[in-house]
Amino acid sequence: MSRYLLQNSDMGLRLVDRFSHQHPLHISFSDAGFSYRLKRSGPKKEMIAKAVAVKPSLKVIDCTAGLGRDAFLLASLGCEVTMFERSKVMAFLLEDALNRALSDERLAEAASRITLVQGDAITLLGRQSTRSDVILIDPMFPIRKKSAQVKGTMQFLQRFIGKDEDVSTLMKCAMATGSQRIVLKRPFSAVELDGFTPTFSLKGKSSRFDIFLQ
Ligand SMILES: C[S@@+](CC[C@H](N)C(=O)[O-])C[C@H]1O[C@@H](n2cnc3c(N)ncnc32)[C@H](O)[C@@H]1O
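My aim in this report is to walk through the structure given alongside it, one point at a time. The shown structure was predicted, so the numbers you read here are calculated from the model rather than taken from an experiment.

### Comments concerning the sheet that holds strand 3 (residues 59-62)
- Across the sheet, seven strands lie side by side as 5-4-3-6-7-9-8; this open sheet has mixed pairing. Each edge of the sheet is formed by a strand with only one pairing partner; in this case those strands are strand 5 (114-118) and strand 8 (200-203). This sheet shows a mean twist of 20 degrees between the axes of neighbouring strands, independent of strand direction.
- By the bridge criterion, four bridges tie strand 8 to strand 9 (residues 207-213) in an arrangement that is antiparallel.

Here it is in structure tokens:
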């Protein structure tokens with residue numbers, strides 16, 4: 001019996017962990033918490049918006065789509081976002097959530113600015129013919145000892161995906177594209193990624209954005 005099961009439900013596609021009592025993983029851009037964040041988000045309020053230097057029609061490649069929240073937020077602020085996700089299962093969940101958003105009049109405009117590509121950004125960045133203004137990288141953080149602190153869907157994602165071990169390679173590929181701005185999300189007190197000194201950093205409560213201008 002495999003541990004994880006992809007299931008259709010009334011709410012859409014969801015991922016069940018048969019070894020856990022936790023709620024299945026389900027991506028929705030219309031859940032109450034995210035809707036509230038979208039409503040109050042603005043270029044000046046969201047740290048991600050500042051990190052990316054958001055403006056309408058900015059072309060962003062999100063190399064680590066995950067739950068698609070950063071990508072959706074940036075798209076709702078007018079960015080054209082291409083998101084890469086290497087987990088096929090996560091890409092199925094994202095595709096399902098995006099399709100639902102496209103048929104929701106409150107979300108359709110932002111959803112229409114997002115393109116999802118399933119695959120490894122390390123390969124895809126080399127192939128990408130259209131250059132982007134900004135490349136965003138938000139890898140899975142190492143699991144903290146007090147992992148109960150990592151709540152809900154993120155906790156599920158950490159269990160399912162594990163730690164992303166090849167962030168340095170991904171950073172090298174991002175730099176090689178010649179993109180002018182690369183944004184790397186890191187745990188608040190993590191040391192700099194070996195060999196990569198940011199131009200500046202923006203610090204939040206539990207994480208920070210290292211920004212590389214080139
Ligand atoms: C921490 S999550 C990203 C969360 C996302 N920023 C959000 O707002 O929901 C990291 C995701 O990036 C994906 N990922 C990591 N390295 C990748 C790579 N090289 N190419 C594509 N996807 C990658 C993982 O599979 C995981 O789903």
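### Quick word on the packing of aromatic side chains
- A complete count under the given rule lists five aromatic pairs for this structure.
- Ring centres of Tyr4 and Phe160 lie 4.8 Å apart, and the angle between their planes is 70 degrees; this geometry places the pair in the edge-to-face category. Of this pair, Tyr4 sits in strand 1 (residues 4-9) while Phe160 sits in helix 7 (residues 152-161), and the two are 156 residues apart along the sequence.
- Clustering of aromatic rings is evident, with ring pairs tying together Tyr4, Phe156 and Phe160.
- For the cation-ring pair, Arg159 lies above Phe156, with the distance from its terminal atom to the ring centre recorded as 5.0 Å.
- Positioned over the ring face of Phe188 is Lys203, at 5.9 Å from the centre of the ring.

### Concerning empty space enclosed by the protein
- Overall, the coordinates contain one cavity of 30 Å³ or more when judged by the stated rule.
- In this structure, the largest cavity occupies an estimated 30 Å³ of space.
- Each residue belonging to the lining of the largest cavity can be placed in one class, and the counts come to two nonpolar, three polar and one charged.

### What about the site of the ligand?
- Taken together, 22 residues lie around the ligand, and Asp70, Glu85, Asp120, Ala121 and Asp138 are the ones closest in.
- Within the side chain of Asp120, one N or O atom sits 2.9 Å away from a nitrogen atom of the ligand.
- Contact distances for the ligand include 2.7 Å between a nitrogen atom and a side-chain N or O atom of Asp138.
- Burial of the ligand by the protein amounts to 97% of the accessible area it has alone, namely 610 Å².
- Looking at the shell around the ligand, the elements that each hand over two or more residues are helix 3 (69-76), strand 4 (80-85) and helix 7.
- Looking at the shell around the ligand element by element, the count peaks at three residues for helix 7.
- Taken together, the residues that form the shell around the ligand break down as eleven nonpolar, four polar and seven charged.

### As for helix 8 (residues 167-176)
- All of the buried residues in helix 8 are Val167, Leu170, Met171 and Ala174. Seen end-on, helix 8 carries its buried residues on one side only, within an arc spanning 100 degrees. Of the exposed residues in helix 8, the ones pointing more than 90 degrees away from its buried face are Lys172 and Ala176.
- Along its buried surface, helix 8 packs onto helix 6 (121-127), strand 6 (134-137), strand 7 (181-187) and strand 9.
- A positive backbone phi angle near 85 degrees is found at Gly178, which sits one or two residues after helix 8.

### Description of the pairing of strand 1
- Relative to strand 2 (residues 12-17), strand 1 runs antiparallel, the two sharing six bridges. The partner of Ser9 across the bridge, within strand 2, is Gly12.
- If you look at the hairpin formed by strand 1 and strand 2, you'll find two residues sitting between the two strands.

### Considering the environment of Met1
- Looking at where Met1 falls in the secondary structure, it is placed in the segment before strand 1.
- With a relative accessible area of 74%, Met1 lands in the exposed category.
- With sequence-adjacent residues up to four places away left out, Met1 is seen in contact with Arg18 and Phe19.

Rules of the game
- Residues numbered from 1 in each chain as written.
- Predicted model: local features only at pLDDT ≥ 70, side-chain atom pairs only at ≥ 80, totals over all residues.
- Heavy atoms only, no water.
- Pairing = 2+ DSSP bridges.
- Helix = DSSP H or I, 4+ residues; strand = E, 2+ residues; numbered from the N terminus.
- Axes fitted to C-alpha atoms, helices over the stretch in contact; angles between N-to-C directions.
- Phe/Tyr/Trp six-rings, centres within 6.5 Å; stacked < 30°, edge-to-face > 60°.
- Lys NZ or Arg CZ within 6 Å of the ring centre and 35° of its normal.
- 1 Å grid on protein atoms, 1.4 Å probe; cavity = no way out; pocket = protein on both sides within 12 Å on 5 of 7 lines; lining within 4 Å.
- Points joined across faces, edges and corners; volume = space filled by probe spheres on them.
- Nonpolar A, V, L, I, M, F, W, Y, C, P; charged D, E, K, R; others polar.
- Near = heavy atom within 4 Å.
- Polar contact = N/O pair within 3.5 Å; in protein donor to acceptor, adjacent residues only side chain to side chain.
- Areas by Shrake-Rupley, 256 points an atom, 1.4 Å probe, with all protein chains shown as cover.
- Buried < 20%, exposed > 50% of the residue type's maximum accessible area, 1.4 Å probe, protein only.
- Arc of directions from axis to C-beta.
- Contact = heavy atoms within 4.5 Å.

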